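Here's the letter readout for the chains.
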Amino acid sequence: MRPINKFIFLKQILTPRRILHLILKEIQSGLGHSRLFYFPNKLTIDIGNICNLKCPLCPTGRGDQGAARGLMGMEAFKKVIDELGSYLTKLELHNWGEPLLNKDLIPMIQYAKDRKIPVSISTNLNVLDEKTAEALIATYIDKIFISCDGATPETYAKYRVGGDFDRVQSNIHLLLKAKKKLNNRYTRLILLFHVFRFNEHEVESIGQLAKDVGIELRINRMRTDMGKEIFEKVEDSIERDRDWIPESPEYSAFDLDKKEKKKQMKCKQLWTTAVVNWDGAVLPCCAVYGEQYAFGNVHQEPFVSIWNNQNYRLARREIRNKIKESPTICHICKESGFLHF
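Residues numbered from 1 in each chain as written. Predicted model: local features only at pLDDT ≥ 70, side-chain atom pairs only at ≥ 80, totals over all residues. Heavy atoms only, no water.

A. Inspection of the packing of aromatic side chains at higher detail. Tallied over the entire structure, the rule returns 14 aromatic pairs. Look at Tyr 159 and Trp 244: their rings are 5.7 Å apart centre to centre, the planes differ by 80°, and that puts the pair in the edge-to-face class. With Tyr 159 in helix H6 (residues 153-159) and Trp 244 in the loop between helix H9 (234-241) and strand S7 (254-255), the pair connects residues that are 85 residues apart, well separated along the chain. A relative accessible area of 4% places Tyr 159 in the buried class. (Phe/Tyr/Trp six-rings, centres within 6.5 Å; stacked < 30°, edge-to-face > 60°. Helix = DSSP H or I, 4+ residues; strand = E, 2+ residues; numbered from the N terminus. Buried < 20%, exposed > 50% of the residue type's maximum accessible area, 1.4 Å probe, protein only.)

In C-alpha coordinates:
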(Lines give C-alpha, C1' and ligand atoms only; values in the text may rest on other atoms or scores of the structure.)
Protein backbone atom coordinates (compact mmCIF):
# COMPACT_ATOMS: atom_id res chain seq x y z
CA MET A 1 0.00 0.00 0.00
CA ARG A 2 1.40 3.40 -0.99
CA PRO A 3 2.09 5.86 1.90
CA ILE A 4 -0.75 8.20 0.87
CA ASN A 5 -3.19 5.27 0.74
CA LYS A 6 -2.06 3.91 4.10
CA PHE A 7 -2.40 7.31 5.76
CA ILE A 8 -5.93 7.85 4.46
CA PHE A 9 -6.89 4.27 5.33
CA LEU A 10 -5.70 4.53 8.95
CA LYS A 11 -7.22 7.97 9.38
CA GLN A 12 -10.66 6.75 8.36
CA ILE A 13 -10.81 3.56 10.41
CA LEU A 14 -9.02 4.29 13.70
CA THR A 15 -11.92 5.55 15.78
CA PRO A 16 -11.94 4.88 19.56
CA ARG A 17 -14.80 2.39 19.23
CA ARG A 18 -13.05 0.40 16.50
CA ILE A 19 -9.78 0.36 18.40
CA LEU A 20 -11.54 -0.93 21.52
CA HIS A 21 -13.27 -3.71 19.63
CA LEU A 22 -10.07 -4.69 17.84
CA ILE A 23 -8.33 -5.03 21.22
CA LEU A 24 -11.21 -7.11 22.59
CA LYS A 25 -11.08 -9.28 19.48
CA GLU A 26 -7.40 -10.05 19.96
CA ILE A 27 -7.95 -10.98 23.59
CA GLN A 28 -11.12 -13.04 23.23
CA SER A 29 -10.17 -14.79 20.00
CA GLY A 30 -6.80 -15.68 21.51
CA LEU A 31 -8.52 -17.19 24.53
CA GLY A 32 -11.12 -18.93 22.39
CA HIS A 33 -14.14 -17.41 24.12
CA SER A 34 -17.53 -18.42 22.76
CA ARG A 35 -19.48 -15.39 24.03
CA LEU A 36 -17.94 -12.23 22.61
CA PHE A 37 -18.11 -8.68 23.93
CA TYR A 38 -17.25 -7.10 20.61
CA PHE A 39 -18.63 -7.19 17.07
CA PRO A 40 -16.82 -8.37 13.93
CA ASN A 41 -14.54 -5.87 12.28
CA LYS A 42 -14.88 -7.57 8.89
CA LEU A 43 -18.20 -7.97 7.11
CA THR A 44 -19.14 -9.49 3.78
CA ILE A 45 -22.48 -8.41 2.41
CA ASP A 46 -23.47 -10.38 -0.65
CA ILE A 47 -25.56 -7.70 -2.34
CA GLY A 48 -26.69 -10.23 -4.94
CA ASN A 49 -25.97 -13.85 -5.85
CA ILE A 50 -26.80 -13.31 -9.50
CA CYS A 51 -24.05 -13.40 -12.12
CA ASN A 52 -23.69 -12.86 -15.84
CA LEU A 53 -21.03 -15.58 -16.22
CA LYS A 54 -21.11 -19.35 -15.79
CA CYS A 55 -17.84 -20.22 -14.10
CA PRO A 56 -17.87 -24.02 -13.66
CA LEU A 57 -16.49 -24.24 -10.11
CA CYS A 58 -18.86 -21.60 -8.71
CA PRO A 59 -22.33 -22.70 -7.52
CA THR A 60 -23.89 -19.58 -9.00
CA GLY A 61 -22.19 -20.15 -12.33
CA ARG A 62 -23.24 -23.78 -12.61
CA GLY A 63 -26.83 -23.04 -11.60
CA ASP A 64 -26.86 -24.62 -8.14
CA GLN A 65 -30.36 -24.36 -6.67
CA GLY A 66 -29.22 -24.60 -3.04
CA ALA A 67 -29.79 -20.89 -2.46
CA ALA A 68 -32.57 -18.51 -3.43
CA ARG A 69 -31.45 -15.91 -5.98
CA GLY A 70 -31.92 -12.20 -5.63
CA LEU A 71 -30.48 -8.74 -5.00
CA MET A 72 -30.31 -6.78 -1.75
CA GLY A 73 -32.17 -3.49 -1.69
CA MET A 74 -30.86 -0.18 -0.38
CA GLU A 75 -33.03 -0.08 2.74
CA ALA A 76 -31.95 -3.57 3.83
CA PHE A 77 -28.33 -2.57 3.26
CA LYS A 78 -28.70 0.60 5.33
CA LYS A 79 -30.17 -1.40 8.21
CA VAL A 80 -27.09 -3.63 8.39
CA ILE A 81 -24.64 -0.75 8.08
CA ASP A 82 -26.48 1.36 10.66
CA GLU A 83 -26.12 -1.46 13.18
CA LEU A 84 -22.56 -2.62 12.44
CA GLY A 85 -20.83 0.17 10.54
CA SER A 86 -19.15 1.86 13.49
CA TYR A 87 -17.23 -1.38 14.24
CA LEU A 88 -16.08 -2.25 10.72
CA THR A 89 -12.57 -1.94 9.33
CA LYS A 90 -13.37 -3.94 6.21
CA LEU A 91 -16.53 -4.29 4.12
CA GLU A 92 -16.79 -6.56 1.08
CA LEU A 93 -19.80 -6.13 -1.20
CA HIS A 94 -19.47 -9.43 -3.04
CA ASN A 95 -19.52 -13.16 -2.54
CA TRP A 96 -21.56 -15.40 -4.87
CA GLY A 97 -22.56 -12.89 -7.53
CA GLU A 98 -21.53 -9.95 -9.69
CA PRO A 99 -21.90 -6.72 -7.66
CA LEU A 100 -22.18 -4.49 -10.73
CA LEU A 101 -25.55 -6.10 -11.48
CA ASN A 102 -27.06 -4.43 -8.40
CA LYS A 103 -28.36 -0.99 -9.41
CA ASP A 104 -27.85 0.23 -5.84
CA LEU A 105 -24.13 -0.61 -5.75
CA ILE A 106 -22.91 3.00 -6.07
CA PRO A 107 -25.19 4.44 -3.35
CA MET A 108 -24.35 1.44 -1.14
CA ILE A 109 -20.63 2.15 -1.46
CA GLN A 110 -21.19 5.85 -0.82
CA TYR A 111 -23.35 5.14 2.24
CA ALA A 112 -20.57 3.01 3.72
CA LYS A 113 -17.80 5.42 2.78
CA ASP A 114 -19.69 8.31 4.37
CA ARG A 115 -19.43 6.31 7.60
CA LYS A 116 -15.68 5.86 7.18
CA ILE A 117 -15.86 2.16 6.31
CA PRO A 118 -13.24 0.74 3.91
CA VAL A 119 -15.05 -0.94 1.00
CA SER A 120 -14.02 -3.40 -1.70
CA ILE A 121 -15.75 -5.25 -4.50
CA SER A 122 -14.68 -8.19 -6.64
CA THR A 123 -16.01 -8.11 -10.18
CA ASN A 124 -15.60 -9.91 -13.49
CA LEU A 125 -15.86 -6.41 -15.03
CA ASN A 126 -17.91 -7.49 -18.02
CA VAL A 127 -20.71 -5.04 -17.18
CA LEU A 128 -19.52 -1.43 -17.14
CA ASP A 129 -19.97 1.84 -19.01
CA GLU A 130 -18.19 5.19 -18.78
CA LYS A 131 -20.85 6.77 -16.56
CA THR A 132 -20.80 3.89 -14.08
CA ALA A 133 -17.00 3.81 -14.07
CA GLU A 134 -16.86 7.49 -13.11
CA ALA A 135 -19.56 7.07 -10.46
CA LEU A 136 -17.70 4.10 -8.98
CA ILE A 137 -14.36 5.92 -8.85
CA ALA A 138 -16.05 9.04 -7.46
CA THR A 139 -17.01 7.12 -4.30
CA TYR A 140 -13.31 6.64 -3.52
CA ILE A 141 -13.94 2.95 -3.00
CA ASP A 142 -10.84 1.39 -1.47
CA LYS A 143 -10.28 -1.63 -3.73
CA ILE A 144 -11.71 -3.02 -6.94
CA PHE A 145 -10.62 -6.60 -7.58
CA ILE A 146 -10.92 -7.63 -11.23
CA SER A 147 -11.04 -11.35 -11.94
CA CYS A 148 -9.22 -12.21 -15.15
CA ASP A 149 -7.98 -15.79 -15.35
CA GLY A 150 -6.22 -15.62 -18.67
CA ALA A 151 -3.71 -13.51 -20.58
CA THR A 152 -5.41 -14.27 -23.90
CA PRO A 153 -9.07 -14.41 -24.98
CA GLU A 154 -8.86 -18.17 -25.57
CA THR A 155 -7.46 -18.99 -22.14
CA TYR A 156 -9.74 -16.54 -20.33
CA ALA A 157 -12.86 -18.11 -21.81
CA LYS A 158 -12.06 -21.58 -20.45
CA TYR A 159 -13.18 -20.63 -16.95
CA ARG A 160 -14.94 -17.27 -17.30
CA VAL A 161 -17.62 -18.83 -19.45
CA GLY A 162 -19.70 -16.16 -21.15
CA GLY A 163 -17.15 -13.45 -20.45
CA ASP A 164 -15.26 -11.32 -22.94
CA PHE A 165 -11.53 -10.83 -22.39
CA ASP A 166 -11.32 -7.78 -24.64
CA ARG A 167 -14.27 -6.16 -22.89
CA VAL A 168 -12.57 -6.63 -19.53
CA GLN A 169 -9.43 -4.91 -20.81
CA SER A 170 -11.51 -2.08 -22.26
CA ASN A 171 -13.38 -1.65 -18.99
CA ILE A 172 -10.13 -1.54 -17.03
CA HIS A 173 -9.16 1.42 -19.18
CA LEU A 174 -12.52 3.05 -18.38
CA LEU A 175 -11.68 2.82 -14.69
CA LEU A 176 -8.17 4.15 -15.23
CA LYS A 177 -9.57 7.00 -17.32
CA ALA A 178 -12.02 7.84 -14.53
CA LYS A 179 -9.25 7.75 -11.91
CA LYS A 180 -7.23 10.22 -13.96
CA LYS A 181 -10.19 12.48 -14.68
CA LEU A 182 -11.21 12.62 -11.01
CA ASN A 183 -7.61 12.74 -9.76
CA ASN A 184 -8.28 9.69 -7.62
CA ARG A 185 -4.93 8.28 -6.54
CA TYR A 186 -6.49 6.37 -3.66
CA THR A 187 -8.65 3.62 -5.18
CA ARG A 188 -6.63 0.49 -5.94
CA LEU A 189 -7.36 -1.58 -9.05
CA ILE A 190 -6.15 -5.14 -8.52
CA LEU A 191 -6.15 -7.81 -11.20
CA LEU A 192 -6.95 -11.26 -9.76
CA PHE A 193 -5.42 -14.18 -11.61
CA HIS A 194 -6.55 -17.56 -10.27
CA VAL A 195 -4.06 -20.20 -11.35
CA PHE A 196 -5.58 -23.31 -12.93
CA ARG A 197 -3.93 -26.06 -14.93
CA PHE A 198 -5.03 -24.47 -18.21
CA ASN A 199 -3.50 -21.05 -17.45
CA GLU A 200 -0.48 -21.74 -15.24
CA HIS A 201 1.78 -21.21 -18.24
CA GLU A 202 0.51 -17.61 -18.46
CA VAL A 203 1.57 -16.36 -15.03
CA GLU A 204 4.47 -14.41 -16.48
CA SER A 205 2.31 -13.06 -19.31
CA ILE A 206 -0.44 -11.82 -16.98
CA GLY A 207 2.23 -10.11 -14.92
CA GLN A 208 3.44 -8.24 -17.97
CA LEU A 209 -0.14 -7.40 -18.97
CA ALA A 210 -0.88 -5.88 -15.56
CA LYS A 211 2.37 -3.93 -15.70
CA ASP A 212 1.63 -2.61 -19.18
CA VAL A 213 -1.89 -1.56 -18.19
CA GLY A 214 -0.65 0.00 -14.95
CA ILE A 215 -2.60 -1.88 -12.27
CA GLU A 216 -1.70 -4.21 -9.42
CA LEU A 217 -1.66 -7.99 -9.78
CA ARG A 218 -2.55 -10.67 -7.28
CA ILE A 219 -1.88 -14.33 -8.02
CA ASN A 220 -4.37 -16.65 -6.28
CA ARG A 221 -4.43 -20.40 -5.92
CA MET A 222 -7.65 -21.95 -7.19
CA ARG A 223 -10.29 -23.58 -5.02
CA THR A 224 -12.07 -26.77 -5.93
CA ASP A 225 -15.85 -26.63 -6.45
CA MET A 226 -16.79 -23.81 -4.07
CA GLY A 227 -20.31 -25.02 -3.43
CA LYS A 228 -19.20 -28.53 -2.47
CA GLU A 229 -15.75 -28.21 -0.91
CA ILE A 230 -16.75 -27.83 2.74
CA PHE A 231 -18.97 -30.92 2.57
CA GLU A 232 -16.31 -33.37 1.45
CA LYS A 233 -12.83 -34.65 2.15
CA VAL A 234 -9.97 -33.13 0.24
CA GLU A 235 -9.25 -36.38 -1.63
CA ASP A 236 -12.79 -36.34 -3.03
CA SER A 237 -12.43 -32.75 -4.21
CA ILE A 238 -9.09 -33.53 -5.83
CA GLU A 239 -10.47 -36.61 -7.55
CA ARG A 240 -13.39 -34.68 -9.05
CA ASP A 241 -11.57 -31.47 -9.97
CA ARG A 242 -8.09 -32.82 -10.72
CA ASP A 243 -8.13 -31.55 -14.29
CA TRP A 244 -8.46 -27.97 -13.03
CA ILE A 245 -5.66 -28.16 -10.44
CA PRO A 246 -2.26 -26.75 -11.53
CA GLU A 247 0.55 -29.24 -11.99
CA SER A 248 3.18 -26.83 -10.71
CA PRO A 249 3.60 -27.15 -6.91
CA GLU A 250 4.28 -23.42 -6.78
CA TYR A 251 0.71 -22.57 -7.75
CA SER A 252 -1.24 -25.47 -6.27
CA ALA A 253 -2.81 -25.61 -2.81
CA PHE A 254 -2.86 -29.41 -3.06
CA ASP A 255 -0.41 -32.28 -3.08
CA LEU A 256 -1.81 -34.34 -5.95
CA ASP A 257 0.24 -37.43 -5.12
CA LYS A 258 -0.75 -37.55 -1.45
CA LYS A 259 -4.25 -36.20 -2.21
CA GLU A 260 -4.15 -33.66 0.56
CA LYS A 261 -3.82 -29.94 1.20
CA LYS A 262 -0.31 -28.65 1.57
CA LYS A 263 -1.08 -26.52 4.59
CA GLN A 264 -3.62 -26.88 7.36
CA MET A 265 -4.95 -23.61 8.72
CA LYS A 266 -6.91 -22.81 11.87
CA CYS A 267 -10.34 -21.27 11.41
CA LYS A 268 -10.68 -17.77 12.89
CA GLN A 269 -13.76 -16.71 10.96
CA LEU A 270 -16.21 -17.05 13.87
CA TRP A 271 -14.22 -14.47 15.87
CA THR A 272 -13.34 -11.96 13.15
CA THR A 273 -15.95 -11.78 10.43
CA ALA A 274 -19.55 -12.34 9.45
CA VAL A 275 -21.40 -12.78 6.18
CA VAL A 276 -24.84 -11.35 5.43
CA ASN A 277 -26.59 -12.82 2.41
CA TRP A 278 -28.71 -10.70 0.07
CA ASP A 279 -31.85 -12.02 1.83
CA GLY A 280 -30.59 -11.18 5.33
CA ALA A 281 -29.31 -14.65 6.25
CA VAL A 282 -26.23 -14.48 8.51
CA LEU A 283 -23.63 -17.08 7.59
CA PRO A 284 -20.46 -17.99 9.52
CA CYS A 285 -18.12 -17.44 6.57
CA CYS A 286 -18.01 -16.74 2.85
CA ALA A 287 -17.61 -20.43 1.94
CA VAL A 288 -21.13 -21.36 3.07
CA TYR A 289 -23.62 -21.45 0.22
CA GLY A 290 -27.30 -21.68 1.11
CA GLU A 291 -29.47 -19.97 3.71
CA GLN A 292 -30.43 -23.33 5.28
CA TYR A 293 -27.10 -23.15 7.12
CA ALA A 294 -27.67 -19.62 8.43
CA PHE A 295 -27.13 -18.73 12.07
CA GLY A 296 -29.93 -16.16 11.94
CA ASN A 297 -31.46 -13.45 9.75
CA VAL A 298 -31.05 -9.69 10.19
CA HIS A 299 -34.51 -9.12 8.69
CA GLN A 300 -36.00 -11.00 11.65
CA GLU A 301 -33.77 -9.92 14.56
CA PRO A 302 -30.86 -7.56 15.22
CA PHE A 303 -27.36 -8.78 14.46
CA VAL A 304 -26.44 -8.14 18.09
CA SER A 305 -28.80 -10.98 19.03
CA ILE A 306 -27.41 -13.32 16.39
CA TRP A 307 -23.69 -12.80 17.05
CA ASN A 308 -23.83 -14.57 20.40
CA ASN A 309 -26.76 -16.91 19.85
CA GLN A 310 -26.63 -20.66 20.44
CA ASN A 311 -25.40 -21.51 16.94
CA TYR A 312 -22.48 -19.11 17.14
CA ARG A 313 -21.48 -20.12 20.66
CA LEU A 314 -21.64 -23.85 19.95
CA ALA A 315 -19.72 -23.47 16.68
CA ARG A 316 -16.98 -21.46 18.40
CA ARG A 317 -16.69 -24.05 21.14
CA GLU A 318 -16.39 -26.89 18.64
CA ILE A 319 -13.79 -25.13 16.51
CA ARG A 320 -11.66 -24.72 19.67
CA ASN A 321 -12.26 -28.38 20.61
CA LYS A 322 -14.24 -27.54 23.74
CA ILE A 323 -17.10 -29.76 22.62
CA LYS A 324 -17.02 -32.71 20.26
CA GLU A 325 -19.87 -31.77 17.94
CA SER A 326 -22.27 -28.91 17.22
CA PRO A 327 -25.41 -28.92 15.04
CA THR A 328 -23.94 -26.33 12.65
CA ILE A 329 -22.34 -26.16 9.24
CA CYS A 330 -19.06 -25.54 11.06
CA HIS A 331 -19.09 -29.16 12.30
CA ILE A 332 -19.35 -30.43 8.72
CA CYS A 333 -16.57 -28.11 7.59
CA LYS A 334 -14.30 -29.14 10.47
CA GLU A 335 -14.89 -32.84 9.79
CA SER A 336 -13.97 -32.24 6.16
CA GLY A 337 -10.73 -30.55 7.14
CA PHE A 338 -11.53 -26.86 6.59
CA LEU A 339 -11.07 -27.39 2.88
CA HIS A 340 -12.04 -23.85 1.86
CA PHE A 341 -8.95 -22.28 3.47
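B. View of the pattern of salt bridges. What the rule picks out here adds up to 16 salt bridges. The partner of Lys 177 in a salt bridge is Glu 130, with the nearest N and O atoms 3.2 Å apart. Here the residue Lys 177 occupies a position in helix H7 (residues 165-181), and Glu 130 occupies one in helix H5 (residues 130-138), the gap between them amounting to 47 residues. As a salt-bridge pair, Glu 247 and Arg 197 come within 3.8 Å of each other at their nearest N and O atoms. Highlighted residues: Glu 247 in the loop between H9 and S7 and Arg 197 in the loop between strand S5 (188-195) and helix H8 (203-213), separated in sequence by 50 residues. Overlapping salt bridges, with partners in common, bring together Arg 62, Asp 64 and Asp 225 in one network. (Salt bridge = Lys/Arg side-chain N within 4 Å of Asp/Glu carboxyl O.)

C. The arrangement of unusual backbone geometry in detail. The phi torsion at Lys 116 lies on the positive side, around 60°, for a residue other than glycine. Relative to the helices and strands, Lys 116 is located in the loop between helix H4 (105-114) and strand S3 (119-123). A relative accessible area of 47% means that Lys 116 is categorised as partly exposed. Phi angles above zero are rare outside glycine, and Asn 321 is one such case at about 60°. Locating Asn 321 in the fold gives a position in the loop between helix H12 (310-319) and helix H13 (329-336).

D. Region of interest: the pairing of strand S1 (residues 42-45). Note that S1 and strand S2 (residues 90-92) share three bridges and pair parallel. The residue bridging Lys 42 from the neighbouring strand is Lys 90, located in S2. On the question of chirality, the crossover connecting S1 to the parallel S2 by way of helix H3 (residues 74-84) is right-handed. As paired strands, S1 and strand S9 (residues 273-276) are joined by four bridges and run parallel to one another. Following the sheet pairing, Lys 42 is matched in S9 by Thr 273. (Pairing = 2+ DSSP bridges. Right-handed = clockwise from strand over helix to strand, strands pointing away.)

E. Summary view of the side chain of Thr 123. By secondary structure assignment, the location of Thr 123 is in strand S3. Judged by its relative accessible area of 2%, Thr 123 is buried. Discounting chain neighbours no more than four positions away, the residues touching Thr 123 are Glu 98, Leu 100, Ile 144, Phe 145, Ile 146 and Ser 147. (Contact = heavy atoms within 4.5 Å.)

F. Local environment of a nonpolar patch on the surface. Taken together, the side chains of Leu 10, Leu 14, Ile 19, Ile 23, Ile 27 and Leu 31 make up a nonpolar region of the molecular surface, amounting to roughly 520 Å² of accessible area. Counting residues per element, the nonpolar patch draws most heavily on helix H2 (residues 16-31), at four residues. As for its placement among the helices and strands, Leu 14 is situated in the loop between helix H1 (3-13) and H2. (Patch = residues over 30% accessible without salt bridge, like charges linked within 9 Å, V, L, I, M, F, W, Y side chains within 5 Å. Areas by Shrake-Rupley, 256 points an atom, 1.4 Å probe, with all protein chains shown as cover.)

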